[in-house]
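Remarks on the overall topology
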Amino acid sequence: MSFDIHEFRHIPVLPFTRWFNPHQGGPLWPNWDHALEQRHCRDGKPNDIPPEVPSDEDLFATGNSGFWCGPIHYHFGHQILEFSTRIPVYVNHLQENQKLIFGTHKNQSEFLVDQPIFFRQILEWYEIPERSVVISATPTIFKTLSCAKQQEQWLDVPGNENYIELLSKHAAKRLNHPRSKGLKAYVSRTCLQDKTMAGEGYLEEFLAANGFTIIHPEKISLIEQLSTYNDADLLLFSEGSAVHCLQLLGKIKARIAILSRRKNRPIAEKILSTRSQHVEHFDNIKGILDTVWADNKIAHWKALTLLRQKGLKRTLRSLGVEMTHWSNDDFQNAVENDIRSWISTQLQRPNFEENNGIKVLKRSLNALNMRSSSYLNGMSK
């Protein structure tokens, strides 16, 4: 397996000053407009602008040589999907005197111990020692900086066969133990601070009673997650960032099923299809309750999804789940409790009403033929 890695000399690396649409920060590559493999891309197109370069006297010169990996981001899914796909390419090229170079936001720490635990666990997964990592939060000129292209991209640009094989070999080495037989796992979001799928607590209890192992990713280590995903015959996800953990694996034997929380956006469909022959997204969405964030913006990532109960039951049957003991009433009660709890949480957010939050809530409830007065009356911020 070979991957193109290009080397550049005397490259300034600047702290990140903004995330997404566009990114700004990291290396200032020569011939910027044509450095497409080195720049940050989404959906096959550049999604960055040149970093802000300070005066020469504010640039720290280092004799370090290394490989540019990307920024360290606080979001688990984006860290794997967008900023970690170069790492495995470098592992077999890393010499004693070379480093893996990561960028940070200008206000972040340069110490590895201060970075998100999932980032440190990604390094552990690839068996990268701390001495081989440089975190650049100050304007720095590197003696040489090498770079491979992103191997996968948001929105759903999958890796090629060489990349998937590379990941498969690494996973086989790291997870070298007899695989379980008949393992079924449900990857749940019930322990997250923001509930995002109404009635999921009941669904989780029902699946546990039907032989599913319940995974709360935030409660177990990355390698425990990967070990379970590698062993399973069936993986059922509540759509979310945990799905991107599968990108650290190569070929996956499991049937992968995802309960969609957003319409017309099957998460990582092509990326997952390069790893498993059986990937299904189930859209049983009855409706979505929207909320707002700052500046009157809809916060889609914090919306609450309501599922059609009949569709959900049909999905579970198609996955071989015995439905004899499913209770329509218990599920509906769980949905109702989650709706009220979620609305109460939204009303307590700072500046919620000033950002038209009440208006957005009423509009969402009315679209579902749910009387807004029965949910909003008597609730205070």
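These remarks concern the structure in this document.

Reading the values: rules and limits
The residue numbers shown here count from 1 along each chain, following its written sequence. pLDDT decides what is reported in this predicted model: residues at 70 or higher carry local features, side-chain atom pairs at 80 or more are listed and counted, and totals for whole chains, interfaces and linings draw on all residues regardless. Note: side-chain values were computed over all heavy atoms of the structure, leaving out hydrogens and water. In this description a helix means any DSSP run of H or I spanning at least four residues, a strand means any run of E spanning at least two, and both kinds are numbered starting from the N terminus. As defined in this context, the radius of gyration uses C-alpha atoms, and a globule is described by 2.2 Å times the residue total to the power 0.38. Residue contacts are counted whenever heavy atoms from the two residues lie within 4.5 Å of one another. Only the protein chains shown count as cover for residues, and all accessible areas are computed by the Shrake-Rupley method using a 1.4 Å probe. When charges are tallied, Lys and Arg are placed among the positive residues and Asp and Glu among the negative ones, while His and the ends of the chain are skipped. The atom standing in for a charge is NZ when the residue is Lys, CZ when it is Arg, CG when it is Asp and CD when it is Glu. Two strands form a pair only when DSSP identifies at least two bridges running between them. Buried Ala, Val, Leu, Ile, Met, Phe, Trp, Tyr and Cys residues that are joined via side-chain atoms within 4.5 Å together make up what is termed a nonpolar core. The classification of residues rests on relative accessible area computed with a 1.4 Å probe and restricted to protein chains. Under 20% of the type maximum is buried, over 50% is exposed, and intermediate values are partly exposed. To get an axis, a line is fitted to the C-alpha atoms, and for a helix only the part in contact is used. The angle between two axes follows their N-to-C directions and goes from 0 to 180 degrees. One fewer than the residue count of a helix, multiplied by 1.5 Å, yields its expected span. Should an angle fall under 35 degrees it is called roughly parallel, over 145 degrees roughly antiparallel, and 65 to 115 degrees roughly perpendicular, with every other angle called oblique. Two helices that cross are described as forming a left-handed crossing if the nearer one is turned anticlockwise from the farther one by less than a right angle, and a right-handed crossing if clockwise.

**Some details on the overall build of the protein**
Summing up its helical and strand segments, the protein has 11 helices and 16 strands in all. For 381 residues, the compact-globule formula gives about 21 Å, and the C-alpha radius of gyration of the protein, at 23 Å, lands near that figure. Along the three orthogonal principal directions, the C-alpha set of the protein runs to about 65 × 55 × 35 Å. Of the contacts formed within the protein by residues at least 6 apart in sequence, a portion of 70% connects residues at least 24 apart. As displayed, the protein has an accessible area near 18200 Å², and 47% of this comes from carbon and sulfur atoms. On the protein, the mean spot of the 45 positive side-chain charges and the mean spot of the 42 negative ones are 6 Å from each other.

**A word on the environment of S364**
With respect to the helices and strands, the residue S364 is situated in helix α10 (residues 357–367). For S364 and D290, which are 74 residues apart along the polypeptide, the C-alpha to C-alpha distance reads 6.2 Å. Ignoring any residue separated from it by four or fewer positions in sequence, one finds S364 in contact with I288, L289 and D290.

**A short note on the sheet that holds strand β2 (residues 23–27)**
Pairing is mixed across the open sheet formed by 7 strands, whose spatial order is β5-β2-β1-β9-β6-β7-β8. Each end of this open sheet is capped by a strand with a single partner; those strands are β5 (48–49) and β8 (133–136). Pairing between strand β6 (residues 60–71) and strand β9 (residues 140–147): 6 bridges, direction parallel. Bridge pairing in β9 places S65 opposite T144.

**Examining the nonpolar core**
One finds W29, F102, W125, Y229, F237, L246 and L249 to be the most contacted residues of the largest nonpolar core, which totals 69 residues. F102 has contacts with W68, C69, G70, I72, I87, F119, L123, V133, V134, I135 and S136, leaving out every residue within four places of it along the chain. The next biggest cluster of nonpolar side chains, apart from the first, holds 40 residues, and it includes I285, L304, W342 and L365.

**Concerning the environment of V335**
With respect to the secondary-structure elements, V335 resides in helix α9 (residues 328–347). Separated by 193 residues in the primary sequence, V335 and F142 have C-alpha atoms spaced 54 Å apart.

**Notes on the sheet that holds strand β12 (residues 234–238)**
Spatial strand order, β11-β10-β12-β13-β14: 5 strands in an open sheet with parallel pairing. Strand pairing shows two members of the sheet lacking a second neighbour, β11 (213–215) and β14 (279–282), which therefore form its edges. Each adjacent strand pair in this sheet contributes to an overall mean axis angle of 20 degrees, direction not counted. Bridge count for strand β10 (residues 184–187) against β12 is 4 bridges, and the pairing is parallel. Within β12, the position partnered with V187 by the bridge is F237. This element, helix α8 (residues 309–318), spans β12, β13 (255–259) and β14 of the sheet and lies at about 175 degrees to β13.

**Description of helix α4 (residues 161–174)**
An α-helix turns once every 3.6 residues. As a result, residues three or four positions apart point the same way. Between the first and last C-alpha of α4 there are 20 Å, a value that for 14 residues agrees with the 20 Å anticipated at 1.5 Å per step. In this structure, the buried side of α4 is in contact with α2 (87–90) and α3 (117–125).

**What about the packing of helix α1 (residues 76–83) against α3?**
Here α1 crosses α3 at 40 degrees, and the two axes come no closer than 9 Å. As far as their axial angle goes, α3 and α1 are oblique. Classified by chirality, the crossing of α3 by α1 is right-handed. Judged by residue contacts, F76, Q79 and I80 of α1 engage F118, F119 and I122 from α3.

**Observations regarding the environment of R179**
Residue placement: R179 occurs in the loop between α4 and β10. By relative accessible area, which is 39% here, R179 ends up partly exposed. Filtering out sequence-adjacent residues up to four positions away, R179 remains in contact with N230, D231 and K253.

**Quick word on unusual backbone geometry**
Note the cis peptide between N21 and P22, where omega equals -5 degrees. With respect to the element layout, P22 can be found in the loop between β1 (6–18) and β2. Residue L155 follows W154 across a cis peptide bond; omega there is 0 degrees. Residue position: L155 is located in the loop between β9 and α4. Residues other than glycine seldom take positive phi values, yet N31 does so here, at roughly 55 degrees.

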